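The primary structure of each chain is shown beneath.
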Amino acid sequence: MTNKNSNQIYLAVKDHSVSGETFQLVYNLEYDLLETKPQPSSEKLPGYYKSEDYISHTDSKRNLFEKVYHVVKKRSLKQKLNLINAFAIPHNNNTVSNEKKLLDVGCGTGDFLAIAKRNHWNVFGIEPNKEARHIANTKTNNAVYDINELLRFESHTFDVITLWHVLEHLPNLEQHMAVFKNILKPDGTLIIAVPNYKSYDAKYYKQYWAAFDVPRHLWHFSKTAISKLVSKRSMAVVKVKPMLFDAFYVSLLSEKYKCGKMNPIRGFWIGFVSNLKALWSKEASSLIYIIKND
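Thresholds applied
Residues numbered from 1 in each chain as written. Predicted model: local features only at pLDDT ≥ 70, side-chain atom pairs only at ≥ 80, totals over all residues. Heavy atoms only, no water. Buried < 20%, exposed > 50% of the residue type's maximum accessible area, 1.4 Å probe, protein only. Helix = DSSP H or I, 4+ residues; strand = E, 2+ residues; numbered from the N terminus. Pairing = 2+ DSSP bridges. Patch = residues over 30% accessible without salt bridge, like charges linked within 9 Å, V, L, I, M, F, W, Y side chains within 5 Å. Areas by Shrake-Rupley, 256 points an atom, 1.4 Å probe, with all protein chains shown as cover. Salt bridge = Lys/Arg side-chain N within 4 Å of Asp/Glu carboxyl O. Phe/Tyr/Trp six-rings, centres within 6.5 Å; stacked < 30°, edge-to-face > 60°. Core = buried A, V, L, I, M, F, W, Y, C linked by side-chain atoms within 4.5 Å. Expected span 1.5 Å × (residues − 1). Contact = heavy atoms within 4.5 Å.

(A) Spotlight on the pairing of strand β2 (residues 22–28). The element β2 is extensively covered by neighbouring structure, given that 5 of its 7 residues are classed as buried. Here β2 pairs with strand β3 (residues 33–37) via 5 bridges, running antiparallel. When the sheet's bridge partners are listed, Q24 is paired in β3 with K37. Counting the residues in the hairpin turn of β2 and β3 gives 4 residues, including D32, whose phi is positive at 60 degrees.

Here it is as structure tokens:
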């Protein structure tokens, strides 16, 4: 993404998960987003994901935090399923037609694809992490591919494409959006969930906000940024929904980064306040964007 206004440093943020390195968040005036600088090369980027704590690449339940994560994840999967079912035409028996094609980009260990498959979706997944992809394929009858496969899908293939906390990880942002536009059906739906750097918990924790997650998160979006990004591809945001649990999850991690320990009471309180303020500000910790293709 070309940034003609890339001199304003918003924050300096440390990689708390892997390297301990410090990166700058630079404000992009044109899109109203933040860019992680410097961005790791394609050769170096995978190394920043090599952590046992990267929970989306494993089904492990080693501690209370991970067990709670998976309990909430199970509930959120049903909410995601209900969301995509709203864009499918039901049969007479009220089941979704298995002719409806779903692509989940960055599908992790495949749980969302698995529940969609059980509910009569024809599913496909993209996952660059080899270990996570292997786990996902055991759940989906080998429906998950490496990221190179993204360019091999035919035009106008998918009814719904989802990216659950994935867009912020993708280099070559505008090129990826062009690909999604191309493989989405003309009346299809693109669903993007990303952290919101304008939320209360982001402003409270500042450089310790866990959802900055540099340098794995290359971009940090606002509502304006997403709207501008999709409008360039003749798509439009038709609805924005909050992801309420994210405020608690992110605040717990942010407390750990800030104070050296989880501090669940404080983390829960900040998450609660963030969600409360989002009732009128509409700036939740993470947001789901429902985008229609024109």
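Read on for the rest.
(B) Highlighting a nonpolar patch on the surface. Residues F268, W269, F272, L276, L279 and W280 make up a contiguous nonpolar surface patch of roughly 700 Å² in combined accessible area. Of note, F268 is situated in helix α8 (residues 264–281).

(C) Summary view of the packing of aromatic side chains. Summed over all chains, the structure comprises 12 aromatic pairs. Taken together, a centroid distance of 5.0 Å and an interplanar angle of 85 degrees make the contact between F153 and F158 edge-to-face. As far as burial versus exposure is concerned, F153 and F158 are alike and both buried. Grouped by ring-pair contacts, the aromatic residues F124, F153 and F158 constitute a single cluster.

(D) Examining the nonpolar core more closely. In this structure, L103, I161, L163, L167, M177, L190 and F221 are the most contacted members of the largest nonpolar core, which totals 36 residues. Going through the elements one at a time, β4 (101–105), β5 (122–126), β7 (158–164), α4 (173–183), β8 (184–195), α6 (223–231) and β11 (286–293) are the ones with two or more residues in this core. Ranked by residues supplied to this core, first place goes to α4 with 5 residues. Judged by nonpolar contacts, the second largest core, of 22 residues, contains L102, A136, V160 and I290.

(E) Structural view of α8. For α8, which comprises 18 residues, the first-to-last C-alpha distance of 25 Å matches the rise-based estimate of 26 Å (1.5 Å per residue) to within 8%. Within the sequence span of α8, burial applies to G267, I270, G271, V273, S274, N275 and A278. Of the surrounding elements, those touching the buried residues of α8 are α5 (200–205) and α7 (244–259). At the C-terminal side of α8, K282 shows a positive phi close to 60 degrees.

Keep in mind these values describe shape, not function.
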